[in-house]
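Remarks on the overall topology
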Amino acid sequence: MKLQNIRIVMVATTHPGNVGAAARAMHNMCIGRLALVDPQCPIGDIAYARASGANVILDNRETYADLRSAIADCSQVIATTARRRSLPWPELTPQEMAESVFALDDSRQVALVFGREHSGLSNDELQMCNQMVCIPTNPEFSSLNVASAIQVMCYEIYRYQTTPYAVPAPSGQDLPASSGEVEGYIEHLRQTLDDCGFLNPQQPEMIMQRLRRLYLRSELTHNEINILRGILSAFGKQRD
Ligand code: SAH
């Protein structure tokens, strides 16, 4: 799936500032195609001001009379909604949405559809979509500004295509610390904490076990161990 095949569809948007902010969010995330369905506001100075230089997105916008024509050539149409419907709709998280979009081949066109500021998407419009995405939020306050919702969705797509959720490999020389290096550091830490009287002599292991868990969880690298040991040595020298 290429980013050029993904379009953002805004249905009956009433505030030009939201269209501008959406253009900015899209351009930040390298998504260029904006389709406006029955816009309820002029796309003029206010929209361009909020686009903050993402003029190219607004200049190339497409306008359609209804959702059906905006998505006619799309094989994947993804609705976004803050509200959970009673209808048994297949509902994805933004991350699952990105995964499903990138599972498609380059010939497919994808639309991400965003609703009205006041009432979202109608049930008829939802019926035209084959997936629904809900951005997880505070359950008591679940409705994002439409441009913010567009930002989140475009970010998920951009992030997926740059790093498909792979854990970044340690760069260059900085390899993961070996178990021996971690153990050496923990021993050095124990010695330092003991010397400065931080450990309870009756139960030194209690705190050390918790610290050990903390460091093992952190997936330290070789260079990070060197930094941590350097800090301990500097403290040690100061005490000498
Ligand atoms: N009161 C409306 C809120 C619309 S917000 C309603 O209840 O539907 C405008 C648009 O922003 C929504 O139609 C949807 O496209 C998007 N949006 C807002 N919050 C969202 C969320 N939590 N998850 C996904 N999309 C959201």
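Residues numbered from 1 in each chain as written. Predicted model: local features only at pLDDT ≥ 70, side-chain atom pairs only at ≥ 80, totals over all residues. Heavy atoms only, no water.

It is worth spelling out the site of the ligand at this point. Taken together, 20 residues sit near the ligand, with Thr-80, Arg-83, Ile-135, Ser-142 and Leu-144 positioned nearest. At a separation of 2.8 Å, a nitrogen atom of the ligand approaches a polar backbone atom of Leu-144. When the free accessible area of the ligand is taken as 540 Å², the share hidden by the protein chains comes to 92%. The cavity where the ligand resides is the largest pocket. Here the shell around the ligand is composed, by residue class, of eight nonpolar, nine polar and three charged. (Near = heavy atom within 4 Å. Polar contact = N/O pair within 3.5 Å; in protein donor to acceptor, adjacent residues only side chain to side chain. Areas by Shrake-Rupley, 256 points an atom, 1.4 Å probe, with all protein chains shown as cover. 1 Å grid on protein atoms, 1.4 Å probe; cavity = no way out; pocket = protein on both sides within 12 Å on 5 of 7 lines; lining within 4 Å. Sits in = over half its atoms within 2 Å of the grid points. Nonpolar A, V, L, I, M, F, W, Y, C, P; charged D, E, K, R; others polar.)

For the structure shown, the criterion picks out two aromatic pairs. Taking 5.2 Å as the distance between ring centres and 25° as the angle between the ring planes, the aromatic pair formed by Phe-102 and Tyr-160 counts as stacked. Linking Phe-102 in helix H5 (residues 94–102) with Tyr-160 in helix H7 (residues 146–162), this pair joins segments that are 58 residues apart in sequence. Here Phe-102 falls in the buried class, since its relative accessible area comes to 19%. For Tyr-160, a relative accessible area of 17% gives the class buried. Between Tyr-185 and Tyr-215, the aromatic rings sit 4.9 Å apart at their centres with planes inclined by 80°, giving edge-to-face as the arrangement. Taken together, the positions of Tyr-185 in helix H8 (residues 179–195) and Tyr-215 in helix H9 (residues 204–217) put the pair 30 residues apart, joining distant regions of the chain. Here Tyr-185 and Tyr-215 have matching classes, each one buried. (Phe/Tyr/Trp six-rings, centres within 6.5 Å; stacked < 30°, edge-to-face > 60°. Helix = DSSP H or I, 4+ residues; strand = E, 2+ residues; numbered from the N terminus. Buried < 20%, exposed > 50% of the residue type's maximum accessible area, 1.4 Å probe, protein only.)

What follows is about the pattern of salt bridges. Across all of its chains, the model carries seven salt bridges by this definition. A salt bridge links Glu-125 to Arg-116, with the shortest nitrogen-to-oxygen separation between them at 2.8 Å. Classification of Glu-125 as buried rests on a relative accessible area of 11%. Here the salt bridges share partners, and the residues they tie into one network are Glu-187, Arg-190 and Glu-205. (Salt bridge = Lys/Arg side-chain N within 4 Å of Asp/Glu carboxyl O.)

Our focus in this paragraph is the domain arrangement of the chain. Looking at the chain, the domain boundaries give domain 1 (3–160) and domain 2 (172–239). Between the C-alpha centres of domain 1 and domain 2 there is a distance of 48 Å. (Domains from an automatic or database assignment.)

Let us now look at the environment of Val-152. For Val-152, the position within the fold is in helix H7. Here Val-152 falls in the partly exposed class, since its relative accessible area comes to 27%. Taking the C-alpha atoms as reference points, Val-152 and Ile-135, 17 residues apart in sequence, are found 8.0 Å from one another. Excluding residues that lie within four positions of it along the chain, Val-152 makes contacts with Ile-135 and Leu-144. (Contact = heavy atoms within 4.5 Å.)

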